[in-house]
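Geometric and topological summary
Spelled out from the first residue to the last, the chains are:
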Amino acid sequence: MSEFSKQYREKLLPGQKHAFADTDPEFVQIFESFAFDEVVNQGDLDDRTRFMAILAALLGCQGVDEFKVMLPAALNMGVTPVEVKEIVYQSAAYLGIGRVFPFLKAVNEELTARGVSLPLPGQATTTQENRLERGAQLQAEIFGAQLLEAWKNGPVNRWLAANCFGDFYTRTGLDLRQRELITLCFLAAQGGCEPQLTAHIKGNLALGASPEQLSAALYACLPYIGYPRTLNALSCLRQAAEDAE
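The following refers to the structure shown. Since we're looking at a predicted model, the values are computed, not measured.

**Description of the packing of helix H4 (residues 64–76) against helix H6 (residues 97–113)**
Contact pair H4 / H6: the axes reach a minimum separation of 10 Å and the direction vectors enclose 40 degrees. It follows that H4 is oblique to H6 by the angle criterion. Remark: the crossing between H4 and H6 carries right-handed chirality. Seen from H4, the contacting residues are Val64, Phe67, Lys68, Leu71, Pro72 and Leu75; seen from H6, they are Pro102, Phe103, Ala106, Val107, Glu110 and Leu111. Its residues placed into classes, the contact of H4 with H6 shows ten nonpolar, no polar and two charged.

This is the structure:
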């Protein structure tokens, strides 16, 4: 392994070696020299944002065992328990509870082992009475005024406004730009939803993220989701950036 990757691993997970270090040392050397050196040193991305993106990507690709490894690293790198919970909660809107359940269980186990009292303080800011209105306003803020009344186009559109945006995006714990970034990572990692991915790339750009920042987040996800989905996401990013010019 490169010297940088050794030092970076120690920073992430002090005193721990890879689970396959003894049985598969060549693989570990290849993977960690790549993920913890080459990728880390590509693009301008702070470690806290990097690990928020990685956790979201592992949710998206259903990498629960690797999520259990990277979760302590994320907490060690400054991602807070509230931020971790908010990433997992929001993922339910994009992945469904059938895929999110084991991740929420893993988070609860890790936080409990660290002595964190659960449940965490509430982060909700909406009620049953105003969640639809607030969600529709956020959709319009991110994607354009044409979304303000899109909820009228059937039950799924209504739920998108009231549930996905009204219940989740309005919560504290993550700001709007962070929420759009993790959504990009959910979608890029699960694959097969490029139209939605492109729309959320445009949402990230509308909130002030640069193509370079979004590229850096996708680079951070690559070791965890592979080349095909990363290349597809980068293609969507190029197209969205061109459309925005």
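**Brief notes about the nonpolar core**
Residues Phe51, Phe67 and Ile201 are the most contacted members of the largest nonpolar core, which totals 65 residues. What phenylalanine 51 contacts, discounting residues up to four positions off in sequence, is Tyr8, Leu12, Met70, Ala73, Ala74, Met77 and Val79.

**Section: the packing of aromatic side chains**
Each aromatic ring pair is characterised by the separation of its centres together with the angle its planes make. With the rule as written, the count across this model stands at eight aromatic pairs. Aromatic pair phenylalanine 31 and tyrosine 224: ring centres 6.2 Å apart, planes at 85 degrees, arrangement edge-to-face. Of this pair, phenylalanine 31 sits in helix H2 (residues 25–38) while tyrosine 224 sits in helix H11 (residues 211–225); the two residues are 193 residues apart in sequence, bridging distant segments of the chain. Classification of tyrosine 224 as buried rests on a relative accessible area of 12%. Pairing phenylalanine 165 with tyrosine 169 gives two aromatic rings, centres 4.3 Å apart and planes at 35 degrees, and the pair type is tilted. Placement of the pair is phenylalanine 165 and tyrosine 169 together in helix H8 (residues 155–169), with a separation of four residues, close to one helical turn. Here the aromatic residues Phe4, Tyr8 and Phe36 are joined through ring pairs into a cluster of three or more.

Definitions and limits used
Residues numbered from 1 in each chain as written. Predicted model: local features only at pLDDT ≥ 70, side-chain atom pairs only at ≥ 80, totals over all residues. Heavy atoms only, no water. Axes fitted to C-alpha atoms, helices over the stretch in contact; angles between N-to-C directions. Helix = DSSP H or I, 4+ residues; strand = E, 2+ residues; numbered from the N terminus. Parallel < 35°, antiparallel > 145°, perpendicular 65-115°, else oblique. Left-handed = near helix turned anticlockwise from the far one by under 90°. Contact = heavy atoms within 4.5 Å. Nonpolar A, V, L, I, M, F, W, Y, C, P; charged D, E, K, R; others polar. Core = buried A, V, L, I, M, F, W, Y, C linked by side-chain atoms within 4.5 Å. Buried < 20%, exposed > 50% of the residue type's maximum accessible area, 1.4 Å probe, protein only. Phe/Tyr/Trp six-rings, centres within 6.5 Å; stacked < 30°, edge-to-face > 60°.

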